[in-house]
Amino acid sequence: MQEIVLVPAQETHYTIMNTLPLIAIQNVTYTYPAEGKKTRSITSPALDGVSLNIAQGEYIALLGHNGSGKSTLARHCNALLLPESGHVLIDGLDTLDNSLHQRIRDKVGMIFQNPDNQIIATVVEDDVAWALRVRGIPLPLLRERVEDAMTAVGIETLRRFPPHKLSGGQRQRLAIAGVLALRPQCIIADEATSMLDPLSRQDIVSLLHHLHQQYNLTVIHVTHLLEEAVLAQRIVVMEQGHIVMDGTPSTIFANLEQLRALKLALPEPLVLAERLRTIGFPISRHALTIETIAQEITH
Ligand SMILES: Nc1ncnc2c1ncn2[C@@H]1O[C@H](COP(=O)(O)OP(=O)(O)O)[C@@H](O)[C@H]1O
Ligand SMILES: [Mg+2]
């Protein structure tokens, strides 16, 4: 098994060398325990026979409306939840083996909705160092990793700041740096933008794409917003604990009716493109942004 280090993508041939999926979800079913001892109601599974392979270096948007099972699936990818049946293998390591959890969590880092739940220390650089300290990483190596992680997310000038003085977007960057310091192969952002204003939201989405391109990091971007998925390499859509769509953005967005039926709000550029088609402009299905639509009209 090969460790990936945080180096620019062009310096690694990892994707070519590794044929094993980084994440293999094999026929996983999971049901949350019913609340209250007297409850006899049968809860339906949050994941119902889900299978999904994710390759090293993929950028996946995991979509679905509220309650479709996205977070439950995400939590299976770093052993926060364990399958009731089926298996989840991370770089070949089975999450059902408790002794592997630390290694699995070093490989797959998670970012959640509220950065404040992930911030522990009172100074930015100490917070980035936190998980490394807990793991007893020697100081020179720790310093190097903290420096690299702060630079990767662009918060190096804020190193002496107390996190509560940072904006929501900067705090989310800090949470991402804390995860990157562990040099994971994959980062899962579970609705990591949903508490932010639109500009900071865009900023975090751009950062995820930057980390993917620059470091060949596998990204699973969990969101209920289709507009955040436009630039993903692959979109996986969930509904009632099942994967119901899996494909490239242009194939997924070619099926607007199904997306509507799945209660996903269509991004404005797609609604515009659809209207333009109905009045005779032959806008291609590959035009997913205002810029590409404008190009198609003017050419
Ligand atoms: N901690 C929990 N206890 C009980 N049921 C839960 C819990 N978390 C989620 N669920 C249920 O599991 C299903 C999937 O939820 P979740 O994975 O959080 O969906 P999503 O992230 O797509 O909104 C929903 O029906 C939800 O109500
Ligand atoms: Mg969720």
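Each chain has its residues counted from 1, following the order in which its sequence is written. Chain A is the first chain written and ligand 1 is the first ligand written, with later ones labelled in order. In view of the model being predicted, local features appear only for residues whose pLDDT reaches at least 70, and side-chain atom pairs are presented and counted only at 80 or more, with totals across whole chains, interfaces and linings using the full set of residues. Processing note: side-chain calculations cover all non-hydrogen atoms of the structure and skip hydrogens and water entirely.

**What to know about the nonpolar core**
In summary, soluble globular proteins display a tendency toward joint burial of nonpolar side chains.
Right, so step 1: Take the buried residues of types Ala, Val, Leu, Ile, Met, Phe, Trp, Tyr and Cys, join any two whose side-chain atoms come within 4.5 Å, and each joined set is a nonpolar core. Each residue's exposure class comes from its accessible area (1.4 Å probe, protein chains only) as a fraction of the maximum for that residue type: buried when under 20%, exposed when over 50%, partly exposed otherwise. Counting 53 residues, the largest nonpolar core has Val-128, Ile-155, Ile-176, Ile-235 and Leu-259 as the members making the most contacts within it.
Right, so step 2: Within the residue set of this core, elements represented by two or more residues are strand E3 (59–63), helix H4 (124–134), helix H5 (139–153), helix H6 (168–180), strand E7 (186–190), helix H7 (198–215), strand E9 (234–239) and helix H9 (256–261).
Right, so step 3: Looking at which element gives the most residues to this core, the answer is H5, with six residues.
Right, so step 4: Contact partners of Ile-235, with chain neighbours within four places excluded, come to Ala-61, Leu-63, Ala-229, Met-245, Asp-246, Gly-247, Pro-249, Ile-252 and Phe-253.
Right, so step 5: In terms of nonpolar packing, the next biggest core, distinct from the first, is built from 29 residues, Ile-60, Ala-79, Leu-81 and Met-110 among them. In DSSP terms, a helix is any run of H or I states spanning at least four residues, a strand is any run of E spanning at least two, and both are numbered starting from the N terminus. Any two residues whose heavy atoms approach within 4.5 Å are treated as being in contact.

**Section: the sheet that holds strand E4 (residues 85–90)**
Right, so step 1: DSSP calls a pair of strands paired once it identifies at least 2 bridges connecting them. Within the open sheet, the four strands sit side by side as E2-E1-E4-E5. Their pairing is antiparallel. In the strand order of this sheet, the two ends are held by strand E2 (47–54) and strand E5 (93–94), each with one partner.
Right, so step 2: By the bridge criterion, five bridges tie strand E1 (residues 23–30) to E2 in an arrangement that is antiparallel. Directly across from Ile-25, in E2, lies its bridge partner Leu-52.

**Points about a nonpolar patch on the surface**
Right, so step 1: Each patch groups residues whose relative accessible area exceeds 30% and which form no salt bridge, using 9 Å between like charges and 5 Å between nonpolar side chains of Val, Leu, Ile, Met, Phe, Trp and Tyr. Here, Shrake-Rupley sampling with a 1.4 Å probe gives the accessible areas, and only protein chains in the shown set may cover a residue. Only one rule defines a salt bridge in this text: a Lys or Arg side-chain nitrogen within 4 Å of an Asp or Glu carboxyl oxygen. On the surface, Ile-120, Trp-130 and Val-134 cluster together into a nonpolar patch covering about 310 Å² of accessible area.
Right, so step 2: By the secondary structure assignment, Ile-120 is in the loop between strand E6 (108–111) and H4.

**Some words on the pairing of E3**
Right, so step 1: Burial analysis of E3 places five of its five residues in the buried class, which makes it a mostly covered element.
Right, so step 2: Here E3 shows two buried faces, one formed by Tyr-59, Ala-61 and Leu-63 and the other by Ile-60 and Leu-62.
Right, so step 3: Looking at chain direction, E3 and strand E8 (residues 218–222) are connected through four bridges and run parallel. By the bridge assignment for E8, Tyr-59 is matched with Val-219.
Right, so step 4: Pairing between E3 and E9: four bridges, direction parallel. Within E9, the position partnered with Leu-63 by the bridge is Val-237.

**Comments concerning the site of ligand 1**
Right, so step 1: To be near a molecule or strand, a residue needs just one of its heavy atoms within 4 Å of it. Taken together, Tyr-32, Ala-46, His-65, Asn-66, Gly-67, Ser-68, Gly-69, Lys-70, Ser-71 and Thr-72 make up all the residues around ligand 1.
Right, so step 2: Counting of polar contacts relies on pairs of N or O atoms within 3.5 Å, with two restrictions inside protein: one atom must be capable of donating a hydrogen and the other of accepting it, and residues adjacent in sequence are counted only when both atoms are side-chain atoms. One nitrogen or oxygen atom from the side chain of Asn-66 is found 3.2 Å from an oxygen atom belonging to ligand 1.
Right, so step 3: Within the side chain of Ser-71, one N or O atom sits 2.9 Å away from an oxygen atom of ligand 1.
Right, so step 4: Bound to the protein, ligand 1 loses 57% of the 560 Å² it would expose on its own.
Right, so step 5: Across the shell around ligand 1, the residue classes break down as two nonpolar, seven polar and one charged. Lys, Arg, Asp and Glu make up the charged group, whereas Ala, Val, Leu, Ile, Met, Phe, Trp, Tyr, Cys and Pro make up the nonpolar group; the residues left over, Gly among them, are polar.

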